[in-house]
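Fold and contact review
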Amino acid sequence: MRHTVLHSPAFSTLRLDMAEGESIHAQPGSMQAMTPGFHIDVKAGLHMGGKRGMFGGMRSLFGGESFFTVIYKAKRDEQHLMLAPEQMGDIRAIEVTPDTGLKLARGAFLASSPELTFDLHNAGMQGVLATRGLFFLKTVGSGMLFLSSYGGIVEQNLAEGERFVLDNRNIVAFTDTMPFESVVLTKSIKDSFLSGEGFVVRFTGPGKVIYQTRARPSIGLIRGFLQTLT
């Protein structure tokens, strides 16, 4: 399977050229166009270590993604599929291994190769403050992962002990073993919120932080809190 990101960074589209028998797992509604030689199947939930069905679908929802996953499998050679997220922004292809696993913020998943699986990581209140969700999706094993963003995508590599601060609305993904903490930007909580920042997230290397150049518009305090529970 070959992949190409087109029209980046504002209107990115992912083109996948696939041979017979190759498949991809994708977010529902992300297909733009395709050749006719695909078999399409819909499953509940991402590939959570083999856990599908209602349980897998609920775990995907808790991780901030759709209840269903669409599987496209090429029935013959020389087929291609075009995928894109709903929002304007970039797409980043990352080859994940057990040594370079990632935690994903809500809504970052676009597609993945079938051998890559996911787990649900309960981050508790730290996750709510960091990425507006009680849970992260965590990659397991090896495979190709395709992330989407709101705006462009930037990768920041941190050395041992190096720190980096991000607004919590801009986080896309980060190394799964990297420590992080939610802090206020200024000395007082009042000044931090008056500055328009509120809580920010401080990462400590080694590891990699992937963030987007635009923050998604605010959805309001009550709705935002309810979203953290689903």
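Overview of the structure. (Residues numbered from 1 in each chain as written. Predicted model: local features only at pLDDT ≥ 70, side-chain atom pairs only at ≥ 80, totals over all residues. Heavy atoms only, no water.)

Some words on the nonpolar core
As a reminder of what qualifies: For our purposes a nonpolar core is just a set of buried Ala, Val, Leu, Ile, Met, Phe, Trp, Tyr and Cys residues, chained together by side-chain atoms within 4.5 Å. Only protein chains enter the accessibility calculation, which uses a 1.4 Å probe. A residue is then buried if its area is under 20% of the maximum for its type, exposed if over 50%, and partly exposed in between. Only runs of H or I of at least four residues qualify as helices and only runs of E of at least two qualify as strands under DSSP, and these elements are numbered from the N terminus.
Within the largest apolar cluster, 17 residues are counted, with the highest numbers of intra-cluster contacts made by Leu102, Leu104, Leu145, Leu147 and Ile210. Those elements that place two or more of their residues in this core are strand E8 (91-96), strand E9 (102-104), strand E11 (117-122), strand E12 (135-140), strand E13 (143-148) and strand E16 (171-175).

A few points about the pattern of salt bridges
To keep things clear, this is the line we draw: Salt bridge, as used here: a side-chain nitrogen of Lys or Arg that lies within 4 Å of a carboxyl oxygen of Asp or Glu.
Throughout the structure, instances matching the rule amount to six salt bridges. Where arginine 202 meets glutamate 181, a salt bridge forms, and the shortest distance between an N and an O atom there is 2.7 Å. One end of the pair, arginine 202, is in strand E18 (residues 199-204); the other, glutamate 181, is in strand E17 (residues 180-184), with 21 residues separating them in the sequence. For arginine 202, a relative accessible area of 22% puts it in the partly exposed group. Relative accessible area serves as the criterion here: at 29%, glutamate 181 is assigned to the partly exposed category. One continuous salt-bridge network, built from bridges that share partners, spans Arg92, Glu155 and Lys208.

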